Amino acid sequence: MTHSPLAQRQTAFMDQVLDEAAALPDGWGENHADGIKVYRGNYRSALMDALASTFERTAKYVGGGPFARVAAHHAITQPPSSWTIDDAGAGFDQSCAHVFGENPEVAELAWLEWAMLGLATAPDTASLDGAGFTAATAAFGDDDWSQLRLVFQPRAASRVIGNDLTAIWNALGSDAAEWPNFALQEEAGCLVWREGERPTFIMVSAEEARTFAQMQDGTSYGDACVTLAGDGADEAAINDAAMRAGAMLGRWLNEGLIAALH
Amino acid sequence: MTDPMNKIPPFDGFGLGLRRTHYDDFLNNDVPVDFVEIISENYMIEGGRQMRILEEVRAKHPVIIHGVSMSIGSAGGLDQDYLAKLKQLEQRIDPLWVSDHLCWTRTSAHNSHDLLPLPLTQEALGVVCDNIDNAQDALGRPMLFENPSSYLTFPEDELTEWEFLTEMTRRTGCYLLLDVNNIYVSSRNHGFSADDYLGGLPLDRVRQIHLAGHDPATAERSLIIDTHDREVCDEVWALYVKALAMLPSPVATMIERDDKIPPLLELLKELDRARGLASATREQVSA
């Protein structure tokens, strides 16, 4: 750790920028206070502009005042540390969950926007299409299927959700001034990926979102089927789980979520 | 210090920043600029539409990579992940040159995403020069550094900003990006002479000039603020002409606009004014 005079000055200066209540260093006068005020303003406006730009729909959903409140909370609890201001939005869904605890759809919407931002700049990757998949698995035996692991599009994301994100997204793209209740009767899932250059998402079952997350973490197709079947499953339940897993696999292939087999 | 054989030749041209609102203009038209400048951090990414557009624009125009987050004045040294990503971009784009600012933006814990002022001390000069050596070695090419706008000075200052920049270029072999608006803003904020500033710089190291608008002082606020949100004012144009007359070789001139960005045609008109002034100044100097 560096404790040179310059390092000390920079740490103290950063404290001044981040904290309005910080006392001025010894020997600083009114001119310095005026200058610090400008740097504080620049810091805040850069951060607020970045968050408002990344979470445009979330801002529209909650309104300007509440969005400023959650942005300020986020700036205080998770001040930026990365070289790119785009990273300032990391964990913003958690800030939304904290500030809008009564409205869990806000955190889910913020999560979706954050996932879509990440996908917008993800590496360009070709998707495995149905023909490619068929060719790659043509000679598969039972063991090969069981050991099959999938490589998904970089930064594709999934989440179990309690609100209709498709309806929220569409409502926010319309001229509607008031929002209905978007809560779902039962939990669902959301998959986010990129179609060409355009980030996109669909709602799926919660089970599918969980399975996607497991396989993204390296779970094999066989183990995913076992998890879907549940403990002590009989043959019928195992067959049913295999059918459901096959349907998921088919959807992921058709939507272009799978980049390769592993 | 960078190999002195590794020089940046002068580039005589007029350009604009590549901003999202003008993507279609650049993709679909033959925009009359000699180069475009990009904000490095916006393109230190892995893929997607933004990168594809940059590569298409690069196929039409020379590109300058201009950063805001290198934090060349950080006492803790440079972020190696940042340098690696900047190097990737540099290799992908093959720019005219890579530039950043004489400032610092981060400590080990936080990043301000603003160009914070350095105490103008011998210690800071040593830190800046070590960091520039590190950056130039990593990139394998000399860089340009821009004089910042500032809103306070430090009691411990030992050098003027132009003395600092002069010694910085001498020790590291780096070049200068002269922001004429920043000279104007800081000279007004701190009460020094812009003429002294220009006269004190190693002008043979200048390869580019930035021109931009600022928010003037008000009854409530004595400080002028560098905002890049409006046209270049007459005082800054006058300082631009003065700088051009003093420079020993042609430089690249760019109009910066980062907020309240107008239609491209408006910026091109402003750029034409720079072209006209440069041409007239050159004629006067050679007469």
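About the cut-offs
- Residues numbered from 1 in each chain as written.
- Chains lettered and ligands numbered in written order.
- Predicted model: local features only at pLDDT ≥ 70, side-chain atom pairs only at ≥ 80, totals over all residues.
- Heavy atoms only, no water.
- Pairing = 2+ DSSP bridges.
- Helix = DSSP H or I, 4+ residues; strand = E, 2+ residues; numbered from the N terminus.
- Axes fitted to C-alpha atoms, helices over the stretch in contact; angles between N-to-C directions.
- 1 Å grid on protein atoms, 1.4 Å probe; cavity = no way out; pocket = protein on both sides within 12 Å on 5 of 7 lines; lining within 4 Å.
- Points joined across faces, edges and corners; volume = space filled by probe spheres on them.
- Nonpolar A, V, L, I, M, F, W, Y, C, P; charged D, E, K, R; others polar.
- Contact = heavy atoms within 4.5 Å.
- Domains from an automatic or database assignment.
- Buried area = accessible area lost by both parts, 1.4 Å probe.
- Salt bridge = Lys/Arg side-chain N within 4 Å of Asp/Glu carboxyl O.

1. What about the sheet that holds strand β4 (residues 198–205) of chain A?
Residues and elements named next belong to chain A.
Okay, step 1: The strand order across the open sheet built from three strands is β2-β3-β4, with neighbouring strands paired in antiparallel fashion. In the strand order of this sheet, the two ends are held by β2 (157–163) and β4, each with one partner. On average, each strand axis in the sheet is tilted by 30° relative to the strand beside it, whichever way the strands run.
Okay, step 2: Sheet topology places β2 next to strand β3 (residues 183–195); six bridges connect them, and they run antiparallel.

2. Regarding empty space enclosed by the protein
Residue and element names in this part refer to chain B.
Okay, step 1: Taken as a whole, this structure holds one cavity of 30 Å³ or more when the rule is applied.
Okay, step 2: Looking at the largest cavity, the residues that line it are L16, G17, R19, H22, I255, E256, R257, I261 and L267.
Okay, step 3: A class-by-class count of the residues in the lining of the largest cavity yields four nonpolar, two polar and three charged.

3. A look at the sheet that holds strand β3 (residues 63–66) of chain B
In sheet architecture, strand pairing relies on hydrogen bonds along the backbone and comes in two forms, parallel and antiparallel.
All names here are of chain B.
Okay, step 1: On the basis of which strands lie adjacent, the closed barrel formed by eight strands has the order β1-β2-β3-β4-β7-β8-β9-β12 and parallel pairing. Taken over all neighbouring pairs, the strand axes of this sheet differ in orientation by 25° on average, direction set aside.
Okay, step 2: Sheet analysis places strand β8 (residues 175–179) next to strand β9 (residues 206–211), joined by four bridges and oriented parallel. The partner of L176 across the bridge, within β9, is V206.
Okay, step 3: Of the strands in this sheet, β1 (13–17), β8, β9 and β12 (252–255) are in contact with helix α9 (residues 234–246), which crosses β9 at around 170°.

4. Quick notes on the domain arrangement of chain A
You'll often see interface size given as the accessible area lost when the parts meet.
Residue and element names in this part refer to chain A.
Okay, step 1: Splitting chain A by domain gives domain 1 (1–102) and domain 2 (123–262).
Okay, step 2: Taken together, the contact between domain 1 and domain 2 spans four residues of the former and eight residues of the latter.
Okay, step 3: The junction of domain 1 with domain 2 conceals about 620 Å² of combined surface from both sides, 57% of it contributed by carbon and sulfur atoms.
Okay, step 4: Three residues, R57, K60 and Y61, lead the burial of domain 1 against domain 2; their summed loss comes to 93% of the area buried on that side.
Okay, step 5: There are one salt bridge connecting domain 1 and domain 2.
Okay, step 6: Ionic pairing is found between D93 and R159, a salt bridge with its closest N-O pair at 3.4 Å.
Okay, step 7: Here the element with the most residues in the side of domain 1 that touches domain 2 is helix α3 (residues 56–62); it accounts for three residues.
Okay, step 8: Residues belonging to the side of domain 1 that touches domain 2 are distributed by class as follows: one nonpolar, no polar and three charged.

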